[in-house]
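Fold and geometry: a report
Okay, here's what each chain looks like letter by letter:
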2 protein chains.
Amino acid sequence: MSGANLLVRGIGRLLTMAGEPVPDAAVLVRDGRVAWTGSAADLPDLPDLPDLPELDAGGACVVPGFVDPHTHLVFAGSRREEFVARLAGLPYDGGGIRTTVGATTAASDDELVALARARLAVALAHGTTSMEVKSGYGLTPDAELRLLRLVHRLAAEQPVRLESTYLGAHVVPAGRNRAEYLDEVVATVPLAAAAGARWVDVFCDRGVFTVDEARRVLQAGAANGLGLRLHAEEIAWTGAAGLAAETGCASADHLEHVSADDARAMAAAGVVGVLLPTVTLSLRSGAWGHAAVLREAGVELALATDCNPGTSWCESMPYVIQLACLQMGLSVAEAFRAATLGAAHALRHADRGHLGVGACGDLVVLDAEHEADLVAHLGGRPVRRTVVGGVPT
Amino acid sequence: MSGANLLVRGIGRLLTMAGEPVPDAAVLVRDGRVAWTGSAADLPDLPDLPDLPELDAGGACVVPGFVDPHTHLVFAGSRREEFVARLAGLPYDGGGIRTTVGATTAASDDELVALARARLAVALAHGTTSMEVKSGYGLTPDAELRLLRLVHRLAAEQPVRLESTYLGAHVVPAGRNRAEYLDEVVATVPLAAAAGARWVDVFCDRGVFTVDEARRVLQAGAANGLGLRLHAEEIAWTGAAGLAAETGCASADHLEHVSADDARAMAAAGVVGVLLPTVTLSLRSGAWGHAAVLREAGVELALATDCNPGTSWCESMPYVIQLACLQMGLSVAEAFRAATLGAAHALRHADRGHLGVGACGDLVVLDAEHEADLVAHLGGRPVRRTVVGGVPT
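Note that the structure is a prediction, hence the values are computed from the model and not measured. (Residues numbered from 1 in each chain as written. Chains lettered and ligands numbered in written order. Predicted model: local features only at pLDDT ≥ 70, side-chain atom pairs only at ≥ 80, totals over all residues. Heavy atoms only, no water.)

1. As for the overall build of chain A
Per the secondary structure count, chain A includes 13 helices and 16 strands. Overall size of chain A, expressed as C-alpha extent along the three principal axes, is 65 × 40 × 40 Å. Among the 393 residues that make up chain A, the fraction classed as buried is 62%. In chain A, 71% of the contacts between residues at least 6 apart in sequence involve partners at least 24 apart. Within the structure as shown, chain A displays about 13300 Å² of accessible surface, and the carbon and sulfur contribution to it stands at 52%. Taking the average place of the 31 positive charges on the side chains of chain A and the average place of its 46 negative ones, the gap between the two points comes to 3 Å. (Helix = DSSP H or I, 4+ residues; strand = E, 2+ residues; numbered from the N terminus. Buried < 20%, exposed > 50% of the residue type's maximum accessible area, 1.4 Å probe, protein only. Contact = heavy atoms within 4.5 Å. Areas by Shrake-Rupley, 256 points an atom, 1.4 Å probe, with all protein chains shown as cover. Lys, Arg positive; Asp, Glu negative; His and termini not counted. Charge placed at Lys NZ, Arg CZ, Asp CG, Glu CD.)

As structure tokens, then:
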């Protein structure tokens, strides 16, 4: 994919996220990187690129490729019964994450890859060009390392740029001793790093892992060169967001019950707040107010799908953007920034999430003249074409 | 379209809405009507249909075609500035409905038809097989009758079954005397009936038309053989739902501020309650509780898109079904019933919204094994194939 050249013409409105919107614009990608953006009238001659491929945006709005910084993409099985019971207001303990662990463990490598590949195709068609993928549906060292390997196999065979996170501390497996399991997770961290994981993550929340337990796992990650991220304050306030600030996490994610003090600590420590509005919708929890708390504290915001079978079956960043605006109260500009630049910062990428010169040539031709129309048009087709590294997909 | 024969095989799960779900089912459409449904193993020999076309549902769930009983489909122009200002929390009086009246009046017949045709294609691809379309963006007798004519032109040239509603009483046009305008609307009712309108509707709400004004228009409609429907209790309680019960409306629509007493009157009078969840989302009004009030009172529920450029830019019944479940608290079964049988009842059609023998051969092959997956999978492709009158589209 690297090395591609492309001229995108006919852009009615260009959002680079590195400056003001540009009307009637063009983008030049050279060797897979943005080489020039601006008004189409100012496009320089390109005598050294005689056979330059062109893509006509047809007057549409073009934005940087969406970055999805929180997914659990590799899984098997369904959580349909749990979902139907929740909507009918009936009690149901189907096992939650453990249900998916069972189905994922029972599936073959090829089955898991085929399922994830289909989800990646949806994500790509909806404009996602970079994605973080967590393990966490294995819960033994071997099963977790298998999931990381499958992420890397997927990374090599399709266009979305993938990076993996070791989430052995997703939940304590059924029948396991809690302290022993935590020791095993910590002992697995070096193996995960050796297997190519870029990040370590912990589900730090009421009924899952405590702040002290999470700190141990994060410290092991840091000691092994992994970046840190944290599931924080989804179910209840436990101080997880404060731990994210203390340990220098790149992001704290969920944050439905974040306190204003912890949000200020996150802002001071440069921890990006990853919002997952489809979780609030799927769980019918009504937790829409935390975006305002984080914004007030000056936390940089990101958006993600949290793609998983139980609490957010969604591959679509445009759907997430819509919900962030219409339910969390983000402005259109805030939401697009959070889905591109903010999300790239949550993954510590300086060259993604924007179209400044030198950035990855990842962009999305919206099926709209203006980015606000993607938000306003409910249930419509959001994206016309996705480009990764200068290659139209 | 009438007269088509079709055998739909390979149905993993069939919802007829005329009985219990059927696994491993088939549907026979003969002369455009459902002739047989049941377990595929019980399919009779069909020696008189030697060249019967077949459609393989590939194991998917099949449901009756969605009926959308409330749209303002024929319009021109954008309400983008109003939308962006609303999301940014800024005051904005862009003129609302009157903005769209201006843009629609300025557009040619062919422009309006082309715009509406594209929206109908989206609706059809999302499973809508019947749709009500209101005038109301003309607001002079000629301009309103033009919109009704355009609905009938669209009805003749594409598969979705359309019926039209005269909504001259949408808003008092800028610069017009209120009483004179109402007289004009009443005087136009016979012309609308002669032009082929099936229904009359009034936006009866605070700041729009009063209950007494609405009663005059509805009575004129009834006197001219039109069926009655009413925009009721969207902005505030004004007693409109009670008027719908009093006058025998087929439906009262919106109902965000309906009272329990009025809901009981609706139930007693057989008025269907049409819920428009995308309006609550688009306006960020937070009005999600009225479905429960209506259910409690025993009102039959329907779902609709309210497709319009300002307060619900949406052609997708699956999107509406999702939101009805996840924000209004309908169960999966309630929402599918409301989008099919309930919506057909809101339009007083006994032979749509279900797949009992004799019903219209209108059905949807979902892109899912189970109807609950359409609700749970956010931002995914909802529909694989839509069939109207036995013709796959």
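Now that the structure has been shown, the text picks up again.
2. Describing the relation of the copies chain B and chain A
The operation relating the pair of chain copies consists of a rotation about an axis and a translation along that axis. Superposing chain B onto chain A takes a rotation of 180° plus a shift of 0.0 Å along the axis, which leaves an RMSD of 0.0 Å. In the structure described here, the two chain copies are related by an operation that fits a two-fold rotation axis. In terms of C-alpha distance to the rotation axis, chain B has Gly-379 of chain B as its closest residue, with the C-alpha 3.7 Å off the axis. (Least-squares fit on C-alpha atoms with pLDDT ≥ 70 in both.)

3. Here's the deal with the pairing of strand β2 (residues 22–31) of chain B
All names here are of chain B. Both strand β1 (residues 3–14) and β2 contribute to a ladder of seven bridges, which runs antiparallel. Note on β2: the bridge partner recorded for Leu-7 is Leu-28. Here β2 runs beside strand β3 (residues 33–39); their pairing, made up of six bridges, is antiparallel. Opposite Ala-25, over in β3, you have Ser-39 as the bridge partner. Between β2 and β3, which pair antiparallel one after the other, the connecting turn spans one residue, and Gly-32 there sits at a positive phi close to 80°. (Pairing = 2+ DSSP bridges.)

4. Points about the sheet that holds strand β6 (residues 66–68) of chain B
Strand pairing in a sheet is mediated by backbone hydrogen bonds. Such pairs are either parallel or antiparallel. Residue and element names in this part refer to chain B. Strand order in this open sheet of eight strands is β6-β7-β8-β9-β10-β11-β12-β13, and the pairing throughout is parallel. For this open sheet the edge positions go to β6 and β13 (301–303), each flanked by a neighbour on one side alone. Pairs of neighbouring strands in the sheet enclose a mean axial angle of 25°, with direction left out of account. Note: strand β7 (residues 128–134) against strand β8 (residues 161–169), five bridges, orientation parallel. Residue pairing across strands places Ser-130 opposite Arg-161, the latter belonging to β8. Packing against the sheet, helix α10 (residues 290–297) makes contact with β11 (251–254), β12 (272–275) and β13, and its axis sits at approximately 165° to β12. (Axes fitted to C-alpha atoms, helices over the stretch in contact; angles between N-to-C directions.)

5. Quick notes on the sheet that holds strand β13 (residues 301–303) of chain A
All names here are of chain A. Spatial strand order, β6-β7-β8-β9-β10-β11-β12-β13: eight strands in an open sheet with parallel pairing. Each having just a single partner strand, β6 (66–68) and β13 make up the two edges of the open sheet. Between one strand axis and the next, the sheet turns through 25° on average, direction left out of account. Relative to β13, strand β12 (residues 272–275) is paired through three bridges, and the arrangement is parallel.

6. A closer look at the domain arrangement of chain A
All names here are of chain A. Assigned domains of chain A: these are domain 1 (6–65 + 353–392) and domain 2 (66–346). If you average the C-alpha positions of domain 1 and of domain 2, the two centres end up 29 Å apart. At the junction of the two partners, domain 1 supplies 23 residues and domain 2 supplies 22 residues. Three residues, Met-17, Val-375 and Val-388, lead the burial of domain 1 against domain 2; their summed loss comes to 30% of the area buried on that side. The partner of Asp-362 in a salt bridge is Arg-161, with the nearest N and O atoms 2.7 Å apart. Counting every contact that joins domain 1 to domain 2 gives seven residue pairs in polar contact (both at pLDDT 80 or more). (Domains from an automatic or database assignment. Buried area = accessible area lost by both parts, 1.4 Å probe. Salt bridge = Lys/Arg side-chain N within 4 Å of Asp/Glu carboxyl O. Polar contact = N/O pair within 3.5 Å; in protein donor to acceptor, adjacent residues only side chain to side chain.)

7. Things to note about the environment of Asp-56 of chain A
Residue and element names in this part refer to chain A. Within the element layout of this structure, Asp-56 appears in strand β4 (residues 54–56). Residues Asp-56 and Asp-367, spaced 311 residues apart in sequence, show a C-alpha to C-alpha distance of 13 Å. Beyond its immediate sequence surroundings of up to four residues, Asp-56 is in contact with Arg-9 and Gly-10. A polar contact is formed between the side chain of Asp-56 and the backbone nitrogen of Gly-58, at a distance of 2.8 Å.

8. Concerning the side chain of Thr-188 of chain B
Of note, Thr-188 of chain B is situated in helix α5 (residues 178–194). For Thr-188 of chain B, the residues in contact, after removing those within four places along its chain, are Pro-141 and Tyr-166 of chain B.

9. Topic: the interface of chain B and chain A
You'll often see interface size given as the accessible area lost when the parts meet. The interface is formed by 34 residues belonging to chain B together with 34 residues belonging to chain A. Both sides of the chain B and chain A interface together cover about 3200 Å² of buried area, and 63% of this is carbon and sulfur. The interface formed by chain B and chain A holds twelve residue pairs in polar contact (both at pLDDT 80 or more) in total. Counting residues per element, the ones that place at least two in the side of chain B that touches chain A are α1 (80–87), α9 (277–283), α11 (317–326) and α13 (371–376) of chain B. Of the residues contributing to the side of chain B that touches chain A, the split by class is 18 nonpolar, eleven polar and five charged. (Nonpolar A, V, L, I, M, F, W, Y, C, P; charged D, E, K, R; others polar.)

10. Description of helix α4 (residues 141–157) of chain A
Relative to the 24 Å expected for 17 residues at 1.5 Å per residue, α4 of chain A spans 25 Å between its end C-alpha atoms, a close match to the ideal helical length. Three or more residues of α4 of chain A are buried, namely Ala-143, Glu-144, Leu-145, Arg-146, Leu-147, Leu-148, Leu-150, Val-151 and Leu-154 of chain A. (Expected span 1.5 Å × (residues − 1).)

11. Digging into the packing of aromatic side chains
Enumeration according to the criterion identifies five aromatic pairs over all chains in this entry. Taking 6.3 Å as the distance between ring centres and 50° as the angle between the ring planes, the aromatic pair formed by Phe-66 of chain A and Phe-336 of chain A counts as tilted. Here the residue Phe-66 of chain A occupies a position in strand β6, and Phe-336 of chain A occupies one in helix α12 (residues 332–346), the gap between them amounting to 270 residues. As far as the burial class goes, Phe-66 of chain A and Phe-336 of chain A line up, both buried. Look at Tyr-319 of chain A and Tyr-319 of chain B: their rings are 5.9 Å apart centre to centre, the planes differ by 45°, and that puts the pair in the tilted class. Placement of Tyr-319 of chain A in helix α11 (residues 317–326) and of Tyr-319 of chain B in helix α11 is noted, with the two residues assigned to different chains. On the accessibility criterion, Tyr-319 of chain B (6% relative accessible area) is buried. One residue, Arg-119 of chain B, lies across the ring of Phe-75 of chain B, its end atom 3.5 Å from the ring centre. (Phe/Tyr/Trp six-rings, centres within 6.5 Å; stacked < 30°, edge-to-face > 60°. Lys NZ or Arg CZ within 6 Å of the ring centre and 35° of its normal.)

12. Here's the deal with the confidence of the model for chain A
Confidence along chain A averages 96 in pLDDT terms, with 99% of residues attaining 70 or more. Here the predicted complex carries an ipTM of 0.95, next to a pTM of 0.96. (pLDDT = per-residue confidence, 0-100.)

13. Here's the deal with the side chain of Glu-234 of chain A
Residue and element names in this part refer to chain A. Following the sequence through the fold, Glu-234 ends up in the loop between β10 (227–232) and α7 (240–247). Of the side chains bearing the opposite charge, Arg-79 lies closest to the buried Glu-234, which forms no salt bridge; the N-O distance is 9.3 Å. At a separation of 3.3 Å, a polar atom in the side chain of Glu-234 contacts the side chain of His-254.

14. Quick look at helix α3 (residues 109–125) of chain A
All names here are of chain A. Taking 1.5 Å as the rise per residue, α3 with 17 residues should run 24 Å; its terminal C-alpha atoms sit 24 Å apart, in good agreement. Tucked inside the fold, the buried residues of α3 contact α2 (97–106), β7 (128–134), α4, β8 (161–169) and β15 (383–388). Trailing α3 by a residue or two, Gly-127 shows a phi angle of about 100°, which is positive.

15. So, the packing of helix α6 (residues 211–223) of chain B against helix α7 (residues 240–247) of chain B
Residue and element names in this part refer to chain B. At a minimum axis separation of 10 Å, α6 and α7 run at an interaxial angle of 30°. With respect to α7, the element α6 is oriented roughly parallel. α7 is crossed by α6, and the crossing has right-handed handedness. Contact with α6, carried on its side by Val-211, Ala-214, Arg-215 and Leu-218, involves Ala-240, Leu-243, Glu-246 and Thr-247 of α7 and no other residues of that element. Split into classes, the residues belonging to the contact of α6 with α7 amount to five nonpolar, one polar and two charged. (Parallel < 35°, antiparallel > 145°, perpendicular 65-115°, else oblique. Left-handed = near helix turned anticlockwise from the far one by under 90°.)

16. Focus: the pattern of salt bridges
Residues and elements named next belong to chain A. Scanning all chains against the criterion turns up 54 salt bridges over all chains. When the shortest N-O distance is used, the salt bridge between Arg-13 and Glu-371 registers 2.7 Å. Note that Arg-13 is positioned in strand β1 (residues 3–14) and Glu-371 in helix α13 (residues 371–376), a separation of 358 residues in sequence. Given the relative accessible area of 7%, Glu-371 is considered buried. Ionic pairing is found between Asp-109 and Arg-146, a salt bridge with its closest N-O pair at 2.7 Å. Within this pair, whereas Asp-109 is found in helix α3, its partner Arg-146 is found in helix α4, the two being separated by 37 residues in sequence.

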